[in-house]
Amino acid sequence: MFGKLMARLRTRGATAETTLETGEADVGGVFGGRIEIKGGSRPQTIRSVVVQLKARALVEISGEKVPGEIIVAEAAFEAGEIEADGEAWIEFEMEVPDHAPITAGSTQLVVETYLKIGGVLEHAHTCDIHVHPSPAMAAILNGVIAAGFDLAEAEVEHRPGSPVQFLQEFDFVPSSHGDWGIEEVEIALAPMEGATEVHLTVDSRGGLFFGGTERTARFILRDEELEGVDMGMAIRQAIDSLA
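Quick caveat: nothing in here was measured; it's all calculated off a predicted structure.

A.B. asks: Which parts of the structure should I look at to understand the nonpolar core?
C.D. replies: What tends to happen in soluble globular proteins is that the nonpolar side chains get buried as a cluster. Formed by 61 residues in total, the largest nonpolar core has its most connected members in Phe 31, Leu 53, Ile 129 and Ile 187. Among the elements that take part in this core, strand E4 (residues 44-61) stands out by supplying seven residues, more than any other. Apart from the residues lying within four places of it in its own chain, the contact partners of Ile 187 are Ile 140, Leu 141, Val 144, Gln 168, Glu 169, Phe 170, Phe 172, Val 198 and His 199.

So, in structure tokens, the structure goes:
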């Protein structure tokens, strides 16, 4: 009995480690790497190797913001039998969805690797990946900074079943006392075909005899419109119209 228990304790299962090509990717682009699988102390059948791109962020659910994880993209790759102490590898490539959150504020993205053995998905490895905004997103976010605001936080609204499943909201605060009347500027970007829908919200401070206000606007910026435009000035005008 004791001998059988010790045998079980000494049993090692297969392991996997993922190495990314660069550790960076763009929204709407691709990332790839190599998964190295090492056999354990006995032969095993690995039904598949599952790779998930996950966002770890403040997630807005029913109006509440809580730390959470969201699966942004997932892919499964065939594996098969691996001998005891054997080695195998898989070269892979995955797309980053257009609606994927970017690395900003407390939002981090990771690539997690799982081995599916005997119908059970076993976590094998985690590595970080930096996801950059698309050129259109970068132009708009840099425009908010040029308009005189600093990024304070970024959270993600999960919308299962919606065409845009993830809506990342960026919270900016004034960088100078000249905008004391503005408490916060919130901006969310929803990608469209050849364009970006901008959701802009300006929270203004209240006074001694009146409360604060929240005003919102939505507008669409087409990719060709971003060229040659002073985005800082355009965003500044939009914020002033709502303040």
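A.B. asks: Whenever I open this one, helix H3 (residues 231-242) confuses me. Can you help?
C.D. replies: Note on helix geometry: an α-helix contains 3.6 residues per turn, so any two residues three or four positions apart are oriented the same way. Taking 1.5 Å as the rise per residue, H3 with 12 residues should run 16 Å; its terminal C-alpha atoms sit 17 Å apart, in good agreement. Within H3, the full set of buried residues consists of Met 231, Gly 232, Ile 235, Arg 236, Ala 238, Ile 239 and Leu 242. Projected down its long axis, H3 carries its buried residues within an arc of 165°, all on one side. In the core, the buried residues of H3 are packed alongside helix H2 (135-146), strand E9 (149-158), strand E11 (182-192), strand E12 (195-204) and strand E13 (213-222). Where H3 begins, one side-chain oxygen reaches toward the backbone nitrogen of Gly 232, 3.3 Å away; that side chain belongs to Asp 230.

A.B. asks: Which parts of the structure should I look at to understand the packing of aromatic side chains?
C.D. replies: Centre distance and the angle of the planes are the two values used to describe a pair of aromatic rings. Considering all chains together, one arrives at two aromatic pairs under this definition. Consider the rings of Phe 31 and Phe 92, whose centres lie 6.2 Å apart with planes at 85°: the pair is edge-to-face. Of this pair, Phe 31 sits in strand E3 (residues 30-38) while Phe 92 sits in strand E6 (residues 87-95), and the two are 61 residues apart along the sequence. With respect to burial, Phe 31 and Phe 92 carry one shared label: buried. We note Arg 205 situated over the ring of Trp 180; from NZ or CZ to the ring centre the distance is 5.4 Å.

A.B. asks: Looking at this structure, I do not really get a negative patch on the surface. What am I missing?
C.D. replies: Taken together, the side chains of Glu 21, Glu 93, Glu 95, Asp 98, Glu 193, Asp 223, Glu 224, Glu 225 and Glu 227 present a region of like negative charge at the surface. Mapped onto the secondary structure, Glu 95 falls in strand E6. On the basis of relative accessibility, which here comes to 62%, the residue Glu 95 falls in the exposed class.

A.B. asks: What am I meant to see in the layout of surface pockets here?
C.D. replies: In this approach, a probe sized like a water molecule rolls over the atoms, and the result shows the empty space that is left. Of the voids in this model, the largest pocket is the one considered here, and its volume is about 290 Å³. Forming the walls of the largest pocket are 17 residues, and the residues nearest its centre are Asp 98, Ser 134, Pro 191, Met 192 and Ala 195. Put simply, the parts of the chain that give the lining of the largest pocket at least two residues each are H2, E11 and E12. The dominant element in the lining of the largest pocket, judged by the number of residues it contributes, is H2, at three residues. Taken together, the residues of the lining of the largest pocket sort by class into 10 nonpolar, four polar and three charged. Counted as a void, the second largest pocket has a volume near 230 Å³. What lines the second largest pocket is a set of 14 residues, and nearest its centre among them are Glu 169, Glu 186, Ala 188, His 199 and Thr 201.

A.B. asks: Sorry, what's going on with empty space enclosed by the protein here?
C.D. replies: Summed over the entire model, instances satisfying the criterion amount to one cavity of 30 Å³ or more. For the largest cavity, the full set of lining residues is Asp 98, His 99, Ala 100, Pro 101, Ile 102, Met 137, Phe 166, Gln 168, Phe 170, Leu 189 and Pro 191. Where the lining of the largest cavity is concerned, the elements lending two or more residues are strand E10 (166-174) and E11. Per-element tally for the lining of the largest cavity: the top contributor is E10, with three residues. In the lining of the largest cavity, the residues fall into eight nonpolar, two polar and one charged.

Conventions we followed
Residues numbered from 1 in each chain as written. Predicted model: local features only at pLDDT ≥ 70, side-chain atom pairs only at ≥ 80, totals over all residues. Heavy atoms only, no water. Core = buried A, V, L, I, M, F, W, Y, C linked by side-chain atoms within 4.5 Å. Buried < 20%, exposed > 50% of the residue type's maximum accessible area, 1.4 Å probe, protein only. Helix = DSSP H or I, 4+ residues; strand = E, 2+ residues; numbered from the N terminus. Contact = heavy atoms within 4.5 Å. Expected span 1.5 Å × (residues − 1). Arc of directions from axis to C-beta. Polar contact = N/O pair within 3.5 Å; in protein donor to acceptor, adjacent residues only side chain to side chain. Phe/Tyr/Trp six-rings, centres within 6.5 Å; stacked < 30°, edge-to-face > 60°. Lys NZ or Arg CZ within 6 Å of the ring centre and 35° of its normal. Patch = residues over 30% accessible without salt bridge, like charges linked within 9 Å, V, L, I, M, F, W, Y side chains within 5 Å. Areas by Shrake-Rupley, 256 points an atom, 1.4 Å probe, with all protein chains shown as cover. Salt bridge = Lys/Arg side-chain N within 4 Å of Asp/Glu carboxyl O. Lys, Arg positive; Asp, Glu negative; His and termini not counted. Charge placed at Lys NZ, Arg CZ, Asp CG, Glu CD. 1 Å grid on protein atoms, 1.4 Å probe; cavity = no way out; pocket = protein on both sides within 12 Å on 5 of 7 lines; lining within 4 Å. Points joined across faces, edges and corners; volume = space filled by probe spheres on them. Nonpolar A, V, L, I, M, F, W, Y, C, P; charged D, E, K, R; others polar.

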